[in-house]
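Structural overview
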Amino acid sequence: MESGPAIFAGTAFTVFGAGLLVWTAARVRHRSPVAHGVNPAVAVTFATAFGAAFLALGVWCFGRI
């Protein structure tokens, strides 16, 4: 019964983190801005860091099952 919320949270974090990383890579490859009005290097750095953090958090949630 307690694994249900962990599965949901792990799925949500993993999908969001992977989606953010894929979206950031697509924007960088097409030389489009990742965030409007922000230095491109800073935007890519923060988007990649947060994507990796959410992906790691999702994997950690799955490890708690």
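Below is a summary of the structure that appears in this document. Nothing here was measured: the structure is a model prediction, and the numbers come from that model.

Across all of its chains, the model carries three aromatic pairs by this definition. Ring geometry for Phe16 against Phe54: centres 5.0 Å apart, planes inclined by 90°, an arrangement best described as edge-to-face. A residue pair is termed long-range when its members are at least 10 positions apart, and Phe16 in helix 1 (residues 3–29) and Phe54 in helix 2 (residues 40–63) qualify at 38 residues. The class of Phe54 is partly exposed, set by a relative accessible area of 25%.

Turning to the packing of helix 1 against helix 2, a few remarks are in order. Running from amino to carboxyl end, helix 1 crosses helix 2 at an angle of 155°, the nearest separation of the two axes being 7 Å. Taken together, helix 1 and helix 2 sit at an angle that is classed as roughly antiparallel. Note that helix 1 runs across helix 2; the crossing there is left-handed. Here the residues of the contact of helix 1 with helix 2 sort into 19 nonpolar, eight polar and no charged.

Analysis parameters
What you see as residue numbers is a count from 1 along each chain, following the sequence as written. With the structure being a predicted model, the display of local features is reserved for residues of pLDDT at least 70 and the display and counting of side-chain atom pairs for 80 or more, all residues being used for whole-chain, interface and lining totals. Side-chain calculation: all heavy atoms of the structure are included, whereas hydrogens and water are not. Only rings of Phe, Tyr and Trp enter the pairing, Trp through its six-membered ring, and a pair is recorded when the two centres are within 6.5 Å. The plane angle decides the type: under 30 degrees is stacked, over 60 is edge-to-face, the rest tilted. Working definition: helices are DSSP H or I runs of at least four residues, strands are E runs of at least two. Numbering for both runs from the N terminus. Each residue's exposure class comes from its accessible area (1.4 Å probe, protein chains only) as a fraction of the maximum for that residue type: buried when under 20%, exposed when over 50%, partly exposed otherwise. Only the stretch in contact is used when a helix axis is fitted, and all axes are lines through C-alpha atoms; the angle between N-to-C directions ranges over 0 to 180 degrees. Orientation categories follow fixed angle ranges, with anything under 35 degrees roughly parallel, anything over 145 roughly antiparallel, 65 to 115 roughly perpendicular, and all other angles oblique. Each crossing gets its hand from how the near helix is turned against the far one by less than a right angle, where anticlockwise is left-handed and clockwise is right-handed. Residues are sorted three ways: Asp, Glu, Lys and Arg are charged, Ala, Val, Leu, Ile, Met, Phe, Trp, Tyr, Cys and Pro are nonpolar, and all the rest, Gly among them, are polar.

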